[in-house]
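An overview of the molecular structure
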Amino acid sequence: MIVDIFIPCFIDQMFPQTAMNMVKVLEKQGCGVNYNPEQTCCGQPAFNGGYFDVAKEIGEKFIKEFPNDRYIVIPSASCAGMIKNYYGDLFHNSALHNQYKQVRKNIIEFSDFLVNVLKVTDVGAQLEGIATYHDACSALREYGVKEEPRTLLRKVKGLELRELKDSETCCGFGGTFSVKFEPIAVGMAEQKMNNVDETGANYLVSTDISCLMHLDGYIKKNQKPVKIMHLADVLASGY
């Protein structure tokens, strides 16, 4: 199977190794991976900020960059949710209406693709330690992924997965929310990390690196003995 991949701007600019690890996992499962170097952003930052014309312009670029009828695998449920849920508002009854519907059908989040398309739960990863999983708001509410990451993590050799108290509660990032309402965002991060501490986890894992980056700021400032890891980073470990 040949798949296209979309690497969100956030990962491309700040966590490129996570993108490479997703490719590593996909290729190990026998997938041919196609990457269009012209890709940039799905338009979510502009859309969430209320700049709908800008979001539409970015969305048009996105749609035209994926003309093939094949899966578009994304290591971010947030971006996948944006495309699936809100491009319809931007492109309904537009010249790109039919192209958008095709792209929407092909969009799929990384863990969803592994578990529900490839029917893979054990990718051969190995990582010693204790992990806990944070349900990113976008992953859970915008995209609807919950059990797939846990299923994959439970199969990682040497890794113990412990459930996080209030795992479905927001971490406080929320895109520009953490900038506009910093005290609230920090308080939410503190609450989240207190729950992480209770698990005794070495690793805090999620499908969305934006949440992890926000929490990592709190971790580093308070010198917490916890390492953030995107799901792709965990699944690429040990081989």
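Summary of the structure given here.

Brief notes about the packing of aromatic side chains
Counting across every chain of the model gives 9 aromatic pairs. With a centroid separation of 6.3 Å and an interplanar angle of 80°, the aromatic rings of Phe6 and Phe66 are classed as edge-to-face. Residue Phe6 is located in the loop between β1 (2-5) and α1 (9-14), and its partner Phe66 is located in the loop between α4 (52-64) and β3 (72-74); the two are separated by 60 residues in the primary sequence. Summarising the burial analysis for this pair, Phe6 and Phe66 share the class buried. Aromatic ring contacts, followed pair by pair, group Phe6, Phe62, Phe66, Tyr87, Phe91 and Tyr100 into a single cluster.

What to know about the environment of Leu114
Within the secondary structure, Leu114 sits in helix α7 (residues 110-117). Given the relative accessible area of 0%, Leu114 is considered buried. Leu114 has contacts with Val25, Leu26, Gln29, Lys119, Val120, Val123, Leu152 and Leu235, leaving out every residue within four places of it along the chain.

Structural notes on the nonpolar core
Of all hydrophobic cores here, the largest spans 75 residues; its most connected members are Leu26, Val73, Tyr87, Phe110 and Leu235. Take this core: its biggest share by element is 8 residues, from helix α5 (residues 77-91). Contacts of Leu26, omitting those with residues within four sequence positions, involve Val3, Ile5, Cys31, Val33, Val73, Phe110, Phe113 and Leu114.

Notes on the side chain of Glu65
The topology assignment puts Glu65 in the loop between α4 and β3. If near-sequence neighbours (up to four positions away) are discounted, Glu65 is found in contact with Asn36, Glu38, Gln39 and Thr40.

Comments concerning the sheet that holds β1
The sheet built from 4 strands is open, its strands ordered β2-β1-β3-β4 with parallel pairing. The open sheet terminates on both sides in strands that have one partner only, identified here as β2 (32-35) and β4 (107-109). The sheet shows a mean angle of 40° between the axes of neighbouring strands, taken without regard to direction. Across 4 bridges, β1 lies against β2 in parallel orientation. Considered in β2, the bridge of Ile2 is made with Gly32. Along the sheet, α5 contacts β3 and β4; its crossing angle with β4, the most-contacted strand, is approximately 155°. Contacts from α7 reach β1, β3 and β4, with the element oriented near 90° to β4.

Focus: the packing of α4 against α5
Here α4 crosses α5 at 110°, and the two axes come no closer than 10 Å. Between α4 and α5, the angle is such that the two are roughly perpendicular. Helix-helix and strand crossings are classified by hand; for α4 and α5 the assignment is left-handed. Note on element contacts: α5 touches α4 through Ile83, Tyr87, Leu90 and Phe91, opposite Phe52, Ala55, Lys56, Gly59, Glu60, Phe62 and Ile63. Of the residues contributing to the contact of α4 with α5, the split by class is 8 nonpolar, 1 polar and 2 charged.

Topic: α7
Extensive coverage of α7 is indicated by the burial of 6 of its 8 residues. Looking only at α7, the buried set comprises Phe110, Ser111, Asp112, Phe113, Leu114 and Val115. Following α7 by one or two positions, Lys119 adopts a phi angle in the positive range, close to 60°.

Basis of the calculations
- Residues numbered from 1 in each chain as written.
- Predicted model: local features only at pLDDT ≥ 70, side-chain atom pairs only at ≥ 80, totals over all residues.
- Heavy atoms only, no water.
- Phe/Tyr/Trp six-rings, centres within 6.5 Å; stacked < 30°, edge-to-face > 60°.
- Helix = DSSP H or I, 4+ residues; strand = E, 2+ residues; numbered from the N terminus.
- Buried < 20%, exposed > 50% of the residue type's maximum accessible area, 1.4 Å probe, protein only.
- Contact = heavy atoms within 4.5 Å.
- Core = buried A, V, L, I, M, F, W, Y, C linked by side-chain atoms within 4.5 Å.
- Pairing = 2+ DSSP bridges.
- Axes fitted to C-alpha atoms, helices over the stretch in contact; angles between N-to-C directions.
- Parallel < 35°, antiparallel > 145°, perpendicular 65-115°, else oblique.
- Left-handed = near helix turned anticlockwise from the far one by under 90°.
- Nonpolar A, V, L, I, M, F, W, Y, C, P; charged D, E, K, R; others polar.

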